[in-house]
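For reference, the chains in residue letters:
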Amino acid sequence: MNKPIRKPRQPIPDTKDKLTLWVTLMVSTTLCISVLAMVFAFMLGLWAKEVDNAEIFKMISPAFSTLIGGMIGFLSGIKLMQNEDKPKSSKD
């Protein structure tokens, strides 16, 4: 009797890799939404007659820099930690 042909099993991705992927995607999405909201606020401030443009930039610029710097630092930290966990292959 012939045995049915089975496909080889695919390796199951590590839970830590899945978690890293999802966290990276969530942080990236949050960064994109936040940057778009701040750019929208910049644009509204530029064309609003009752708002002084210098005041808008003074208020939003530090928050903008802090948000972008923090998110980029977080993403680079995740990538560095991901590279440290992988075993180094030795050439014998």
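In what follows, the structure referred to is the one given above.
Please read all numbers here as calculations on a predicted model, not as lab measurements.

**Details of the overall build of the chain**
- The helix and strand inventory of the chain stands at two helices and zero strands.
- The buried share of the chain, taken over its 92 residues, is 14%.
- Sequence separation of 24 or more characterises 67% of the internal contacts of the chain that already satisfy a separation of 6 or more.
- For the chain, the accessible surface area stands at approximately 8400 Å², while carbon and sulfur atoms represent 67% of it.

**Regarding the environment of Val35**
- Locating Val35 in the fold gives a position in helix H1 (residues 15-47).
- Since its relative accessible area comes to 22%, Val35 is described here as partly exposed.
- Taking the C-alpha atoms as reference, Val35 lies 7.6 Å from Phe64; in sequence the two are 29 residues apart.
- Sequence-distant contacts of Val35, defined by excluding residues within four places in its chain, comprise Phe64 and Ile68.

**Comments concerning H1**
- If you check H1, its first and last C-alpha atoms are 49 Å apart, about what 33 residues at 1.5 Å a residue would give, namely 48 Å.
- Taken residue by residue, H1 has Thr20, Val27, Leu31, Ser34, Met38, Phe42 and Gly45 as its buried positions.

**Structural notes on a nonpolar patch on the surface**
- Together, Val39, Met43, Leu46, Trp47 and Phe57 line one region of the surface with nonpolar side chains, adding up to about 480 Å² of accessible area.
- Tallying contributions element by element places H1 first for the nonpolar patch, with four residues.
- Secondary-structure assignment places Leu46 in helix H1.

Calculation rules
- Chains are numbered independently. Their residues run from 1 in the order of the written sequence.
- It should be noted that, the model being predicted, local features are given only for residues of pLDDT at least 70 and side-chain atom pairs only at 80 or more, the latter also being counted only at that level, while totals for whole chains, interfaces and linings use all residues.
- Side-chain descriptors were evaluated using all non-hydrogen atoms of the structure, hydrogens and water having been removed beforehand.
- Numbering of helices and strands starts at the N terminus; helices are DSSP runs of H or I of at least 4 residues and strands are runs of E of at least 2.
- Each residue is assigned to one of three classes by its accessible area relative to the maximum for its type, calculated with a 1.4 Å probe on protein chains only: buried under 20%, partly exposed between the two thresholds, exposed over 50%.
- Any two residues whose heavy atoms approach within 4.5 Å are treated as being in contact.
- Accessible areas in this description were obtained via Shrake-Rupley with a 1.4 Å probe; residue shielding takes into account the shown protein chains only.
- Here the expected span of a helix is defined as 1.5 Å times the quantity of residues minus one.
- Patch construction takes residues with relative accessible area above 30% that form no salt bridge. Like charges are linked within 9 Å, and nonpolar side chains (Val, Leu, Ile, Met, Phe, Trp, Tyr) are linked within 5 Å.
- Any Lys or Arg side-chain nitrogen found within 4 Å of a carboxyl oxygen on Asp or Glu counts as a salt bridge.

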